[in-house]
Amino acid sequence: MDLNMAGVFFFIVFLSLNTVAGYSNGKVSKSCKSMRPGHGHARSTKASPYKISVDKNHFSPGDQIRVTLSGSAPGEPFKGFLIQARDTSNLSADAVGSFSLLSNADAQLLNCGSTKGSAVSHTSKSKKMEIKVIWNAPKNSPPSVQFLATVVQHYDVFWVKIPGPVVSQNNVSPPVLPTSATDQTTHPSALTKPFTSKGCGRTKSCLRDPVGCDPETDPKCHFLSFAGQEQSVVFELSGPAEGYVSFALSHDKWMGDDDVYLCVRRNEYVDINPAYVTGRTHPEVELQSTLRNMAWRWSDGVIQCTFQRNIQIPGEEHRFNLDTSYYIFLASGKAEHGMIHRHNRQPLISSEKKVISGLPGNLVGSRSPLIIKAHGALMLVAWISTVSIGVIFARFFKPLWPESRLFGEQIWFQVHRVLMTSTVLLTCCAFVLPFAYRGGWSHHAGAHPFLGCTVMALALLQPLMAILRPHPDSLRRYIFNWMHWSAGTIARIIAVAAMFLGVHQQALDLPSPWDTFVLCGFVVWDVAADLVLEIHNYHMIHKAKNVADDEEEIIHSSSEASEGDLFKKIVLAVYICGNLGFLITLLIAINDM
């Protein structure tokens, strides 16, 4: 029995990777003025469990004060923080003085305003119980200074400008503290029923997955609609998701530098926020001031949200004008404490650009770029059909047509050579496509690219060995035969493993588990054909050994050999039909992505 496919399942490892990004490195200079994290959530309304303390209440210019940020009770660790000192008479002004670090492990200096080291922030999202720093009073210090701290317990749980002690210059009375500003975050209302696709193409534009689905009746429907209303646009977004649904407006079909809108679930509540991405980075969430008439619904695993936005928003560089055409991305994924993870499926991308405030229309899109579809299709043609048929032809059909020649060579050899050359050419063409699409190596593809590179190397090794092979009568011919068979067998096993991983890549995520069943069916079909032909060969060889030398038995043996050849041809025809059936099924699935 040919063992080309027998060990394939031992090489198939399904890997997954979710990445979380944000402000964990503490480089939060853009929050110097507001001291508010760019997380897009409202500050916690609960009493802060953290406090700021100092080792002295009076100072002179040039003095140093030890400042401590800690939990007011044991067991209250925090992940992020920002500490500043500000003029008590104007707490909205820039930070005053500078800080020195007692330890570089959990704290770093930031330059807020024109003063170097005028703020302190975290270096990582590791849990911290206490931070101690030194504040250096400047020569032009105001009469009194108040220490303020923003503390992040979780991505969606934080306190902004926690008031700390007021320290005054010697012989200066402590001032009356101003009342702190309240959080201006708008809280959306709740929707009472699902959205509907009624009016799509007539009164509003819709992008849906699957095509033509209705979120009112289909809980698996990913749905985005938008309709112009005078100088604004109303958006409706819904879809099944564990953590968030989102859409983005983009100038191209490549993620980056996009205008993004997020609906993020927090327990039984949904936050609605605008955001933007610079390059292929985590979205940076902004405040809701550009959105109005927000509402949401969370029911049976489906997140819904709606909001209204002006067509043009002067002064907001990250908010695109809606009277221009854009590609539309529709994505969903997991979220933890209000912080989104990388989308678990490739976003649905509209096939064409659309003017957001323009005439209504029904949009179509794809979750797989054309270049990735071509990569998958070429690899499937090469490693399901051409290589499999070529191997079977060389292994079991050498004795057939012994006197026939095709361009000076035996038929089996010419067929084998053409199919194997096609495999190498198809693999080379397919190999370069994902690198051209990604612009380099993909760090989210798991083991798939490593397996693909191995297959590519082995595929190129085969024709090189064939060119350097010794003559059939050479004593060293067996070495070539062994290496040729081994390299080919290993390449096929790894290629099939790569296909199992490839159909689950985000850029080409075929319907699961249906795609796995089809590939398993192909493996079983290939092994079954090898097994049938191997048993048939054994049977024919065993009968030939028992044939006597008289003329009658020779004639009988010749007749049986002819029937054996016919059986092999029938098996070959049936095998090719089945092989093409599996291939065409997968190619249709790729085309429908």
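Here, every reference points to the structure presented above.
Residues numbered from 1 in each chain as written. Predicted model: local features only at pLDDT ≥ 70, side-chain atom pairs only at ≥ 80, totals over all residues. Heavy atoms only, no water.

### Thoughts on the state of the cysteines
In plain terms, the rule: Two cysteine sulfur atoms form a disulfide, by the criterion used here, when they sit within 2.5 Å. Only DSSP runs of H or I covering at least 4 residues are called helices, and only runs of E covering at least 2 are called strands; the numbering of each starts at the N terminus.
Inspection of the entire model under this criterion finds four disulfides. The partner cysteine of Cys32 in its disulfide is Cys112, sulfur to sulfur 2.0 Å. Sign of the S-S torsion, about -65 degrees for the bond between Cys32 and Cys112, identifies this disulfide as left-handed. Pair noted here: Cys32 is in the segment before strand 1 (50–54) and Cys112 is in the loop between strand 6 (107–110) and strand 7 (119–122), with a separation of 80 residues, a long-range link.

### Quick notes on the packing of helix 2 (residues 411–438) against helix 3 (residues 448–467)
Stated precisely, the cut-off is as follows: Axis lines are fitted to C-alpha atoms, over the contacting stretch for helices. Their N-to-C directions set the angle, which ranges from 0 to 180 degrees. In what follows, roughly perpendicular refers to angles from 65 to 115 degrees, roughly parallel to angles under 35, roughly antiparallel to angles over 145, and oblique to any angle outside these ranges. Two helices crossing with the near one rotated counterclockwise from the far one by less than a right angle form a left-handed crossing, whereas a clockwise rotation gives a right-handed crossing. A contact between two residues is defined here by any heavy atoms of the two lying within 4.5 Å. Only Asp, Glu, Lys and Arg are considered charged in this grouping, and only Ala, Val, Leu, Ile, Met, Phe, Trp, Tyr, Cys and Pro are considered nonpolar; every other residue, Gly among them, is considered polar.
Between helix 2 and helix 3, the shortest axis-to-axis distance is 10 Å and the interhelical angle comes to 150 degrees. The angle between helix 2 and helix 3 places the two elements in the roughly antiparallel class. Here helix 2 and helix 3 pass one another in a crossing that is left-handed. Residues Val424, Thr427, Cys428, Phe431 and Phe435 of helix 2 form the contact with helix 3, whose participating residues are Gly452, Cys453, Met456, Ala459, Leu460 and Pro463. Tallied by class, residues from the contact of helix 2 with helix 3 come to nine nonpolar, two polar and no charged.

### Thoughts on the sheet that holds strand 26 (residues 362–363)
Keep this limit in mind: Strands are labelled as partners when DSSP assigns at least two bridges between them.
In spatial order, the strands read 11-19-20-14-13-12-26; together these seven strands make up an open sheet with mixed pairing. Unpaired on one side and paired on the other, strand 11 (189–190) and strand 26 mark the two borders of the sheet. Sheet analysis places strand 11 next to strand 19 (residues 291–299), joined by two bridges and oriented parallel. Each residue of the ladder has a partner; that of Ser189, found in strand 19, is Ala295.

### Considerations on the nonpolar core
How we decide: The criterion is simple. A nonpolar core is a set of buried Ala, Val, Leu, Ile, Met, Phe, Trp, Tyr and Cys residues joined through side-chain atoms within 4.5 Å. The buried label goes to any residue with under 20% of its type's maximum accessible area, the exposed label to any with over 50%, and the partly exposed label to all in between, with areas taken from a 1.4 Å probe on protein chains only.
Judged by nonpolar contacts, the single largest core of 39 residues is most densely connected at Leu380, Trp383, Ile384, Met499, Leu510, Leu519 and Leu586. Those residues in contact with Met499 that sit more than four places away from it in its chain are Met379, Leu380, Trp383, Ile384, Leu519 and Phe522. Counting 29 residues, the second-largest nonpolar core is a separate cluster that includes Leu207, Leu237, Leu249 and Ile356.

### Examining the pairing of strand 9 (residues 144–154)
With 10 of 11 residues buried, strand 9 is to be regarded as a mostly interior element. Here strand 4 (residues 80–87) runs beside strand 9; their pairing, made up of eight bridges, is antiparallel. What sits directly across from Leu82, in strand 9, is Thr150. Note: strand 9 against strand 10 (residues 157–169), eight bridges, orientation antiparallel. Bridge pairing links Val151 to Trp159 in strand 10. In this structure, the hairpin formed by strand 9 and strand 10 is closed by a connection of two residues.

### Comments concerning the sheet that holds strand 6
On the basis of which strands lie adjacent, the open sheet formed by six strands has the order 2-10-9-4-7-6 and mixed pairing. At either end of the open sheet lies a strand with only one pairing partner, and these are strand 2 (58–59) and strand 6. Bridge count between strand 2 and strand 10: two bridges; the pairing is parallel. Paired with Phe59 across the strands is Gln169, a residue of strand 10.

### Some points on unusual backbone geometry
Most of the time, phi is negative for any residue but glycine, and the peptide bond is trans. For the bond running from Asp209 to Pro210, omega is 5 degrees, close enough to zero to count as cis. Of note, Met35 is a non-glycine position whose phi angle comes to about 60 degrees, a positive value. When you line up the elements, Met35 lands in the segment before strand 1. A positive phi angle, near 55 degrees, is found at Asp300, a position not held by glycine. Here Asp300 lies in the loop between strand 19 and strand 20 (302–310).

### What to know about the packing of helix 3 against helix 4 (residues 477–502)
Orientation of helix 3 relative to helix 4, taken along the N-to-C sense of each, is 155 degrees, at an axis distance of 9 Å. With respect to helix 4, the element helix 3 is oriented roughly antiparallel. The element helix 3 and its partner helix 4 pack so that their crossing is left-handed.

### Observations regarding helix 3
Selection criterion: By this rule, a helix spans an expected 1.5 Å times one less than how many residues it contains.
Compared with the 28 Å implied by 1.5 Å per residue over 20 residues, the 30 Å span of helix 3 between its first and last C-alpha is a close match. Along helix 3, the positions that sit buried rather than exposed are His448, Pro449, Leu451, Gly452, Val455, Met456, Leu458, Ala459, Gln462 and Met465. Among the structural elements, helix 1 (370–396), helix 2, helix 4 and strand 30 (504–505) are those in contact with the buried residues of helix 3.

### Some remarks on the packing of aromatic side chains
Note the threshold: Two aromatic rings from Phe, Tyr or Trp, using only the six-membered ring of Trp, form a pair when their centres are within 6.5 Å; if the ring planes differ by under 30 degrees the pair is stacked, by over 60 it is edge-to-face, and anything between is tilted. Here, a charge over a ring means that NZ of Lys or CZ of Arg falls within 6 Å of the ring centre while also lying within 35 degrees of the ring normal.
Tallied over the full model, the rule gives 21 aromatic pairs. With a centroid separation of 5.5 Å and an interplanar angle of 80 degrees, the aromatic rings of Tyr50 and Phe78 are classed as edge-to-face. Residue Tyr50 is found in strand 1, and its partner Phe78 is found in the loop between strand 3 (64–71) and strand 4; the two are separated by 28 residues along the sequence. By relative accessible area, Phe78 is classed as buried at 0%. Each ring, one from Tyr269 and one from Trp296, has its centre 5.5 Å from the other, and the planes form 70 degrees; the classification is edge-to-face. Remark: Trp296 occurs in strand 19 and Tyr269 occurs in strand 17 (residues 269–277); sequence separation between them is 27 residues. Among the aromatic residues, ring-to-ring pairing joins Phe226, Phe235, Phe247, Tyr261 and Phe307 into one connected group. The ring of Phe397 carries Lys568 above its face, with NZ or CZ at 5.6 Å from the centroid.

### A look at the environment of Gly446
Position of Gly446 relative to the elements: it lies in the loop between helix 2 and helix 3. Sequence separation of Gly446 and Leu501 is 55 residues, and the distance between their C-alpha atoms is 8.6 Å.

### Concerning the environment of Trp485
Residue placement: Trp485 occurs in helix 4. Expressed as a C-alpha distance, the spacing of Trp485 and Gln462, which sit 23 residues apart in the sequence, is 9.4 Å.

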